[in-house]
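Overview (structure and organization)
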Amino acid sequence: MLRLDDISVSIGPVGILRNVGFELRDGEFAGLIGRNGAGKTTLLRTVMGLLPWRNGTLTFDSQSLAQLPTHGRVRLGIGYMPEDRRLVPGLTVEENVLLPVWSARLTDGAARLQRVYAAIPEVREFGTRRALQLSGGQQKLVALARAMVAGSKLLLLDEPFEGVAPVLARRLADVIGGLRTSGATVIAGDRLQDIINEEQELVEADQRRAGLFRALAIALLGWFLRQPSVDLGRLV
């Protein structure tokens, strides 16, 4: 599927990636975890054709990507979800989702759109709204939908949970997890600290709920103890 051998990438005079190599097979999920500046975004942008590499080889389905532009990679089934969403504010949600179809001149855009709507029905619901009218979490869903329209074989997700509330993060995780049934290969990059923070928020929310239940139980017990006589059989 996807293979990198000794890939090195520089931005200006600064070397970001040095001799990176790995291979992913069809249907595999891989995570890129590291701090800011570790090169996660650079690697994903390189695979998508948005950055050149200095040496090494990059192949997809045994085809070299060295001379293939970004829209050509979309035609191969590669989709990209940038960290900052990169939606066009004045376009509708549906128009943003269809941008890869138009840029790569794909002929099955309608079918691709319906598959995405089936996976993320929320996107269909606000399909006629302008992108600038959406919340940050909703924009993340749209950016994921746009990547899915293009990424029938390979999805590159750059910090998909960054800056998203826990509820929407779980929804994004559900959608991404559901891609396993599609057979697509997925690479997701995220900061380790974000993952820790998200897990901590979920733990704290569970602890708050547990504390509330304990408080209610104590209050109910206190009420029973204050009653002169209570027929428990009538309460069951």
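Residues numbered from 1 in each chain as written. Predicted model: local features only at pLDDT ≥ 70, side-chain atom pairs only at ≥ 80, totals over all residues. Heavy atoms only, no water.

This paragraph deals with the overall build of the protein. When helices and strands are tallied, the protein shows nine helices and eight strands. A buried classification covers 39% of the 236 residues belonging to the protein. Across the protein, the fraction of contacts at a sequence separation of at least 24, relative to all contacts at a separation of at least 6, is 70%. Summed over its atoms, the accessible surface of the protein is roughly 13000 Å², and 55% of this surface lies on carbon and sulfur atoms. (Helix = DSSP H or I, 4+ residues; strand = E, 2+ residues; numbered from the N terminus. Buried < 20%, exposed > 50% of the residue type's maximum accessible area, 1.4 Å probe, protein only. Contact = heavy atoms within 4.5 Å. Areas by Shrake-Rupley, 256 points an atom, 1.4 Å probe, with all protein chains shown as cover.)

Taking strand neighbours across the sheet as the criterion, the four strands line up as S2-S1-S4-S5 in an open arrangement whose pairing is antiparallel. A strand with exactly one partner marks an edge of an open sheet, and here the two such strands are strand S2 (14-24) and strand S5 (63-64). With five bridges connecting them, strand S1 (residues 2-11) and strand S4 (residues 55-60) associate as antiparallel partners. Within S4, the residue paired with Leu4 across the bridge is Leu58. (Pairing = 2+ DSSP bridges.)

Here the focus is the nonpolar core. Core analysis: the biggest nonpolar cluster contains 58 residues, and Leu2, Val123, Leu144 and Leu156 have the highest contact counts within it. In this structure Leu144 touches Met81, Ile120, Leu157, Leu172, Val175 and Ile176, once residues within four positions along its chain are discounted. (Core = buried A, V, L, I, M, F, W, Y, C linked by side-chain atoms within 4.5 Å.)

Following the sequence through the fold, Asp158 ends up in strand S7 (residues 154-158). Despite its burial, Asp158 pairs with no opposite charge, the nearest such side chain being Lys40 at 6.5 Å. Residue contacts for Asp158: discarding those within four places in its chain leaves Thr41, Leu44, Tyr80, Met81, Pro82, Glu83, Lys140 and Gly189. (Lys, Arg positive; Asp, Glu negative; His and termini not counted. Salt bridge = Lys/Arg side-chain N within 4 Å of Asp/Glu carboxyl O.)

Before going further, it helps to spend a moment on the packing of helix H3 (residues 93-104) against helix H4 (residues 109-119). Closest axis-to-axis distance for the H3/H4 pair is 10 Å, and the angle between their directions is 130 degrees. When the axes of H3 and H4 are compared, the pair comes out oblique. Of the two possible hands of crossing, H3 and H4 adopt the one that is right-handed. Residues Glu94, Val97, Leu98 and Val101 of H3 form the contact with H4, whose participating residues are Gly109, Arg112, Leu113 and Tyr117. Among the residues making up the contact of H3 with H4, the classes are represented as five nonpolar, one polar and two charged. (Axes fitted to C-alpha atoms, helices over the stretch in contact; angles between N-to-C directions. Parallel < 35°, antiparallel > 145°, perpendicular 65-115°, else oblique. Left-handed = near helix turned anticlockwise from the far one by under 90°. Nonpolar A, V, L, I, M, F, W, Y, C, P; charged D, E, K, R; others polar.)

This next bit is on the pattern of salt bridges. As a working rule, side chains carrying opposite charge can pair if their charged atoms are close by. If you walk through the whole model with that rule in mind, you get seven salt bridges. For Glu28, the salt bridge goes to Arg25, with nearest N and O atoms at 3.0 Å.

On to the pairing of S7, then. In terms of burial, S7 is a largely internal element, five of the five residues being buried. Of the two faces of S7, the one lined by Leu154, Leu156 and Asp158 and the one lined by Leu155 and Leu157 are each fully buried. Note that S7 and strand S8 (residues 185-190) share five bridges and pair parallel. Note on S8: the bridge partner recorded for Leu157 is Ala188.

Here the focus is the confidence of the model for the protein. Considering every residue of the protein, the mean pLDDT works out to 83; 81% of them sit at 70 or more. The lowest-confidence element of the protein is helix H9 (residues 232-235), averaging 44 in pLDDT; the highest-confidence one is strand S6 (residues 78-81), averaging 95. Taken together, the stretch residues 230-236 has pLDDT below 50 and engages in four contacts with residues farther than four places along the chain or on a different chain. (pLDDT = per-residue confidence, 0-100.)

Between its first and last C-alpha, helix H7 (residues 166-178) extends 18 Å over 13 residues, near the 18 Å set by a 1.5 Å rise per residue. Residues of H7 that are buried: Ala169, Leu172, Val175 and Ile176. Along H7, the residues classed as buried sweep out an arc of 125 degrees about the axis, all on the same side. Residues of H7 that are exposed and angled more than 90 degrees away from the buried face: Val167 and Asp174. On its buried face, H7 is in contact with strand S3 (29-33), H4, helix H6 (136-150) and S7. (Expected span 1.5 Å × (residues − 1). Arc of directions from axis to C-beta.)

So, about the environment of Val116. Here Val116 shows up in helix H4. It is 6.6 Å that separates the C-alpha atoms of Val116 and Val149, two residues lying 33 residues apart in sequence. Those residues in contact with Val116 that lie beyond four places of it in its chain are Ala145, Met148 and Val149.

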